[in-house]
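Below, each chain spelled out in residue letters.
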Amino acid sequence: MQAQDIFQPGVGARREPVQVGAPPGRLSSWVVMPVHFNSLKVLGMGEAVRVSCFGHQWVVVMNPGEIIYNGGGVGAVDRYVSLAIHNRTEKVIEVEFKCIIKHPHGGPNISVGSGKISKFPSSASSHVVGDIGTYACTHFALRSVLMNYLVNVGTLTVEVHMRINKPGPVQFVPGNPILDNLLDDFNNKETATIKLEVGGSREGSTKRIKTMTTSFYAHHYILRLSAPVLADMCKPRDDRTHSKYSSCVPITDVQPEIFKHLLYYCYGGKIDEEDLRKNAKYIIEAADCFGVVNLKLEAEA
């Protein structure tokens, strides 16, 4: 039989998008930090201003850049001014940023930005203040143009906008429920296939003393996997007319409380450390008797 080509022209087969890495969360609101460069020297020698945002220290740097000469080669006509942002905290952060200089009289704004969430390296790996770092615009604006954006007799205001990804909801991924399901069936009278009558006597000073028995309920397949010697003692009977259980077995050489710990362990349970330490001798004897090797080793440790 010839296989059908689901990618034939005209066949509308929409595929689920492929996610590479963790999808981003919702973006936070913009945090706006006005940075005032209060001296004209920013346009001649360079200047750095420190700000704080999202728990990080930042440095906004403006430096004189490339000089523009006139065509006749007589001298400099103008020069570019660069704008850079450096993370000065010893921790990487991912932010979206933009820098805006607004015209004081309603003219066009000057702006530059990442346009997306970008990773800023830590201070240990970023450039020193004054250099043009990774997140910089070397041709941010011409000096002659910036002169038209000065306010208060020489102040240049740069608005630094930043926002980050908000942490998304933690996705719950359920684990394999088999252990919890087994523990739910521990000593379950309704689903069990085996009934065990534990106790009935204990050692006295001179002879064995009769005591009350305690009934426990188990599943043969669990005992076969966890306590093979006990499972052999509980092989199903041919005649079950007197009971719904395939086997009813008396256990007289173990105290009920110790047997409860052993059976609970067989179903994947964890014995309390204090109980294990206090009853170590009896738990070791019972585990050895019924073939629960791992419990014996744990109690001996």
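Bear in mind the structure is a predicted one, so any value in this text is a computation, not a measurement.

### A word on the confidence of the model for the protein chain
Counting all residues, the mean pLDDT for the protein chain is 82, and 79% of those residues have values of 70 or more. Averaged pLDDT values for the elements of the protein chain fall to 84 in strand β10 (residues 194-203) and rise to 96 in helix α5 (residues 256-266). Segment residues 126-133: pLDDT under 50, and 19 contacts once partners within four positions in sequence are set aside and those in other chains are kept.

### Things to note about the environment of Cys 53
Inspection of the secondary structure puts Cys 53 in strand β2 (residues 47-53). Separated by 108 residues in the primary sequence, Cys 53 and His 161 have C-alpha atoms spaced 9.8 Å apart. Not counting the four nearest positions on each side in its chain, Cys 53 is found in contact with Val 31, Met 33, Trp 58 and Met 162.

### Re the packing of α5 against helix α7 (residues 280-290)
For the pair α5 and α7, interaxial distance at closest approach is 10 Å and the crossing angle is 60 degrees. As far as their axial angle goes, α7 and α5 are oblique. You can see that α5 and α7 cross each other, and the crossing is right-handed. Touching Ile 258, Phe 259, His 261 and Leu 262 of α5 are Tyr 282, Ile 283, Ala 286, Ala 287 and Phe 290, all from α7. Taken together, the residues of the contact of α5 with α7 break down into eight nonpolar, one polar and no charged.

### Things to note about the side chain of Asn 87
Note that Asn 87 resides in strand β4 (residues 76-87). The exposure class of Asn 87 is buried, given its relative accessible area of 1%. Here Lys 91 takes part through its backbone oxygen, which lies 2.9 Å from a polar atom of the side chain of Asn 87.

### A short note on the packing of aromatic side chains
According to the stated counting rule, one finds seven aromatic pairs in the structure shown. Measuring from ring centre to ring centre gives 5.4 Å for Phe 216 and Phe 259, while their planes differ by 55 degrees; the resulting arrangement is tilted. Taken together, the residues Phe 216 in strand β11 (residues 208-218) and Phe 259 in helix α5 connect sequence positions 43 residues apart. Relative to Phe 290, the ring of Phe 259 lies with its centre 6.0 Å away and its plane at 90 degrees, an arrangement referred to as edge-to-face. Of this pair, Phe 259 sits in helix α5 while Phe 290 sits in helix α7, and the two are 31 residues apart along the sequence. Judged by relative accessible area, Phe 259 falls into the buried class, the value being 0%. According to the relative accessible area criterion, Phe 290 is buried, its value standing at 1%. Through pairs of rings, three or more aromatic residues link up here, namely Trp 58, Phe 97 and Phe 120. The positively charged end of Lys 98 is found above the aromatic ring belonging to Trp 30, 4.5 Å away from the centroid.

What counts, and at which threshold
Residues numbered from 1 in each chain as written. Predicted model: local features only at pLDDT ≥ 70, side-chain atom pairs only at ≥ 80, totals over all residues. Heavy atoms only, no water. pLDDT = per-residue confidence, 0-100. Helix = DSSP H or I, 4+ residues; strand = E, 2+ residues; numbered from the N terminus. Contact = heavy atoms within 4.5 Å. Axes fitted to C-alpha atoms, helices over the stretch in contact; angles between N-to-C directions. Parallel < 35°, antiparallel > 145°, perpendicular 65-115°, else oblique. Left-handed = near helix turned anticlockwise from the far one by under 90°. Nonpolar A, V, L, I, M, F, W, Y, C, P; charged D, E, K, R; others polar. Buried < 20%, exposed > 50% of the residue type's maximum accessible area, 1.4 Å probe, protein only. Polar contact = N/O pair within 3.5 Å; in protein donor to acceptor, adjacent residues only side chain to side chain. Phe/Tyr/Trp six-rings, centres within 6.5 Å; stacked < 30°, edge-to-face > 60°. Lys NZ or Arg CZ within 6 Å of the ring centre and 35° of its normal.

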